[in-house]
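Notes for the structure review
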Amino acid sequence: MQNKTFRHLFMLPYALWIILFVIAPILLVVYFSFFDIHGNFSLTNYKNFFTATYLQMTLNSFWYAFLITVISLLVAYPTAYILTRTRHKQLWLLLIIVPSWINLLLKAYAFIGIFGTHGAANQFLEWVGIGSRQLLFTDFSFVFVAVYIFIPFMILPIFNALDKLNPSLLYAASDLGASKWTTFRRVIFPLTLDGVKSGCQVVFIPALSLFMLTRLIAGNRVITLGTAIEQQFLVTQNWGMGATIAVFLIIIMVGFMALTSIRRRGV
Amino acid sequence: MEKKSSSFANLFLLFIFVILYAPIFYLIFYSFNSGGTMSHFEGFTLDWYRELLQDTRLLIIVLNTLVIALLSALIATVTGVLGAIGIRSYKRRQTRNTLLSLNNVLIVSPDVIIGASFLILFTMAGIQLGFYSVLLSHIAFSIPIVVLMVLPKLMEMSPSLEDAARDLGASNWNVLTKVTLPYIAPGIFAGFFMALTYSLDDFAVTFFVTGNGFSTLSVEIYSLARRGVSLNINALSTLMFVITVIFVVVYYYLATRSGTKGANLRR
């Protein structure tokens, strides 16, 4: 009996937090999505969302997030694989993680310099003989910088999965005559799929919603769902529309999480 | 055969490290440039650092950032630890899982959504945007991380430890302070540390809930970077990089030390 009151006392601040900062904000976002810019209750925002402009933007946002996730994966998997084979692997892993602790904006700022008209990238292109060109404020620079920022987050879960892999499975595969590629395709990759999935989760969803990168690097050429939300809330001051886009982003997020975790049970 | 593939692997790893660190060192290199741009190095100067240290406005912003980080990490740690103890005390699996899912909502949500929904929340609640709104949001998004850091430690603790203490006549308070808290101390420290880094690193949420008068370092860097290259930011990022590296070294040292200590204790 006494324990129960003790427990409730413990849970009080935490429960308050759940109610005020987890449940209430979600409900408020959904509630606000039903109000148009004049504060009238309507479904205008939803109607607007299903027009060509917004659907196009959502598709674009998806496409960029997809590109960023796939490229990060293609770079991160071999890196993680090689890392697990090095001698001081924990130290090397730490060195991979350190850049992710540097403030994201500073890294983006560095690329403003590197991709600038007279920056290092263009100097390199001149030297190679291709000649300088506009790099900043292009789709390329956006994808490049986003991949740069997300790579450590993709490497980490894949590294952990690879590190847990029992080496005797690989010996068994090679004893049974599997080639290196077959071993990878039939043994290593399926067993590290969980790591790949959580890597994709931590990259894909932020890639849909990053807005500072599109502003700083892509110069408003790329508009992601995140950029659109920021625009509606802080520039246009149309909170209803912003909330509507947020509702769709939440739905997409939940869908993506469900997709990547249902399969996990199947494996 | 083995040798050849490993040298290719080393080359690949080297390439990744160069890509990861080049932008950071690019920033640092040009912070000593007297030319004022990030493309032509004219001569060595420390002017940018001097200018930075004389900038009282920036100094205040740095202090704000530190105060917010320390306060929010502290409050989030206390709430999170109590919450984790509370979650463990629920014996029903379903209750626990529900609480955990609610706990994780803010971890998986994109920053833009957290920022936008908190902006709505604070406006509805009549809390003026500024120090308190930023502090509250930082506490809010740090709590779930603390819970996730502390809960595994709690779960790993055998309940007989607490039962034994109670049998020997310890009060609830004694059990908590003499048995439970010392046992989960590593988790608490890890949680506090993570909360600290999350708060220092956050840009998007702060950007939404900070008003006109109040700013943190990330928000300030963003508004400076939007105006283009200015080597003050380079000097600032050099200092932040050095601090980060010191942080990492200290953390690595403590982690490896406590790691061996913990292993020794368990033997």
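Figured I'd write up the structure that's included with this text. (Residues numbered from 1 in each chain as written. Chains lettered and ligands numbered in written order. Predicted model: local features only at pLDDT ≥ 70, side-chain atom pairs only at ≥ 80, totals over all residues. Heavy atoms only, no water.)

**Describing the overall build of chain A**
From N to C terminus, chain A includes 13 helices and zero strands. Starting at the N terminus and walking to the C terminus, you meet the elements of chain A as α-α-α-α-α-α-α-α-α-α-α-α-α. For chain A, the spread of C-alpha atoms along the three principal axes comes to 75 × 70 × 35 Å. In chain A, which comprises 267 residues, the share counted as buried stands at 52%. Sequence separation of 24 or more characterises 69% of the internal contacts of chain A that already satisfy a separation of 6 or more. Counting every atom, chain A has about 13,200 Å² of accessible surface; 69% of that belongs to carbon and sulfur. Charge separation in chain A, taken as the distance between the mean sites of 18 positive and 7 negative side-chain charges, equals 10 Å. (Helix = DSSP H or I, 4+ residues; strand = E, 2+ residues; numbered from the N terminus. Buried < 20%, exposed > 50% of the residue type's maximum accessible area, 1.4 Å probe, protein only. Contact = heavy atoms within 4.5 Å. Areas by Shrake-Rupley, 256 points an atom, 1.4 Å probe, with all protein chains shown as cover. Lys, Arg positive; Asp, Glu negative; His and termini not counted. Charge placed at Lys NZ, Arg CZ, Asp CG, Glu CD.)

**A short note on helix α9 (residues 180-191) of chain A**
Residues and elements named next belong to chain A. Taking 1.5 Å of rise per residue, twelve residues should cover 16 Å, and α9 covers 15 Å from first to last C-alpha, within 8% of that figure. Turning to α9, its buried residues number three or more, namely Thr183, Val187 and Ile188. An end-on view of α9 places all buried positions within 85° of arc, on one side of the element. Counted as exposed and oriented over 90 degrees from the buried face of α9: Trp181 and Arg186. In the core, the buried residues of α9 are packed alongside α3 (52-84), α7 (139-164) and α8 (167-175). (Expected span 1.5 Å × (residues − 1). Arc of directions from axis to C-beta.)

**Some words on a nonpolar patch on the surface**
On the surface, Leu12(A), Leu16(A), Ile19(A), Leu20(A), Ile23(A) and Leu27(A) cluster together to form a nonpolar patch covering roughly 550 Å² of accessible area. Classification of Leu12(A) as exposed rests on a relative accessible area of 52%. (Patch = residues over 30% accessible without salt bridge, like charges linked within 9 Å, V, L, I, M, F, W, Y side chains within 5 Å. Salt bridge = Lys/Arg side-chain N within 4 Å of Asp/Glu carboxyl O.)

**A word on the pattern of salt bridges**
Residues and elements named next belong to chain B. Tallied over the full model, the rule gives six salt bridges over all chains. The salt bridge partner of Asp47 is Arg50, with a shortest N-O separation of 3.2 Å. Pair noted here: Asp47 and Arg50 are both in helix α2 (residues 47-54), with a separation of three residues, about one helical turn.

**Digging into the environment of Leu106(A)**
In this fold, Leu106(A) is placed in helix α5 (residues 104-114). What makes Leu106(A) buried here is its relative accessible area of 1%.

**Quick look at empty space enclosed by the protein**
Empty space left among the atoms is revealed by rolling a probe the size of a water molecule over them. Inspection of every chain in the model, using the stated rule, returns one cavity of 30 Å³ or more. Empty space within the largest cavity amounts to approximately 40 Å³. Residue lining of the largest cavity: Ile102(A), Leu106(A), Ile24(B), Leu27(B), Ile28(B), Ser237(B), Thr238(B) and Phe241(B), and that is the complete set. Secondary-structure elements contributing two or more residues to the lining of the largest cavity are α1 (2-30) and α11 (231-266) of chain B. Residues belonging to the lining of the largest cavity are distributed by class as follows: six nonpolar, two polar and no charged. (1 Å grid on protein atoms, 1.4 Å probe; cavity = no way out; pocket = protein on both sides within 12 Å on 5 of 7 lines; lining within 4 Å. Points joined across faces, edges and corners; volume = space filled by probe spheres on them. Nonpolar A, V, L, I, M, F, W, Y, C, P; charged D, E, K, R; others polar.)

**A short note on the nonpolar core**
Trp17(A), Ile68(A), Ile158(A), Leu213(A), Ile217(A), Phe118(B) and Phe203(B) are the most contacted members of the largest nonpolar core, which totals 164 residues. For Ile217(A), the residues in contact, after removing those within four places along its chain, are Ala108(A), Phe111(A), Ile112(A), Leu136(A), Phe137(A), Thr138(A), Ser141(A), Phe142(A) and Val145(A). (Core = buried A, V, L, I, M, F, W, Y, C linked by side-chain atoms within 4.5 Å.)

**Brief notes about the packing of helix α7 (residues 159-167) of chain B against helix α8 (residues 172-201) of chain B**
Residues and elements named next belong to chain B. In the contact formed by α7 and α8, the axes pass within 10 Å of each other and the chain directions differ by 150°. Judged by the sense of rotation from one axis to the other, the crossing of α7 with α8 is right-handed. On the side of α7, the interface is formed by Leu161, Glu162, Ala165 and Arg166, while α8 contributes Asn172, Val175, Val179, Thr180 and Tyr183. Its residues assigned to classes, the contact of α7 with α8 shows five nonpolar, two polar and two charged. (Axes fitted to C-alpha atoms, helices over the stretch in contact; angles between N-to-C directions. Left-handed = near helix turned anticlockwise from the far one by under 90°.)

**Side note on the packing of aromatic side chains**
All names here are of chain A. All chains considered together, the criterion is met by 52 aromatic pairs over all chains. Seen from their ring centres, Phe49 and Tyr54 are 6.2 Å apart, and the 20° between their planes marks the pair as stacked. Exposure remark for Phe49: the relative accessible area of 3% places this residue in the buried category. Ring geometry for Phe111 and Tyr148: centres 5.0 Å apart, planes at 70°, overall edge-to-face. Note that Phe111 is positioned in helix α5 and Tyr148 in helix α7, a separation of 37 residues in sequence. Classification of Tyr148 by relative accessible area gives buried; the value is 4%. The aromatic ring of Tyr81 is capped on one face by Arg85, whose charged end is 4.3 Å from the ring centroid. (Phe/Tyr/Trp six-rings, centres within 6.5 Å; stacked < 30°, edge-to-face > 60°. Lys NZ or Arg CZ within 6 Å of the ring centre and 35° of its normal.)

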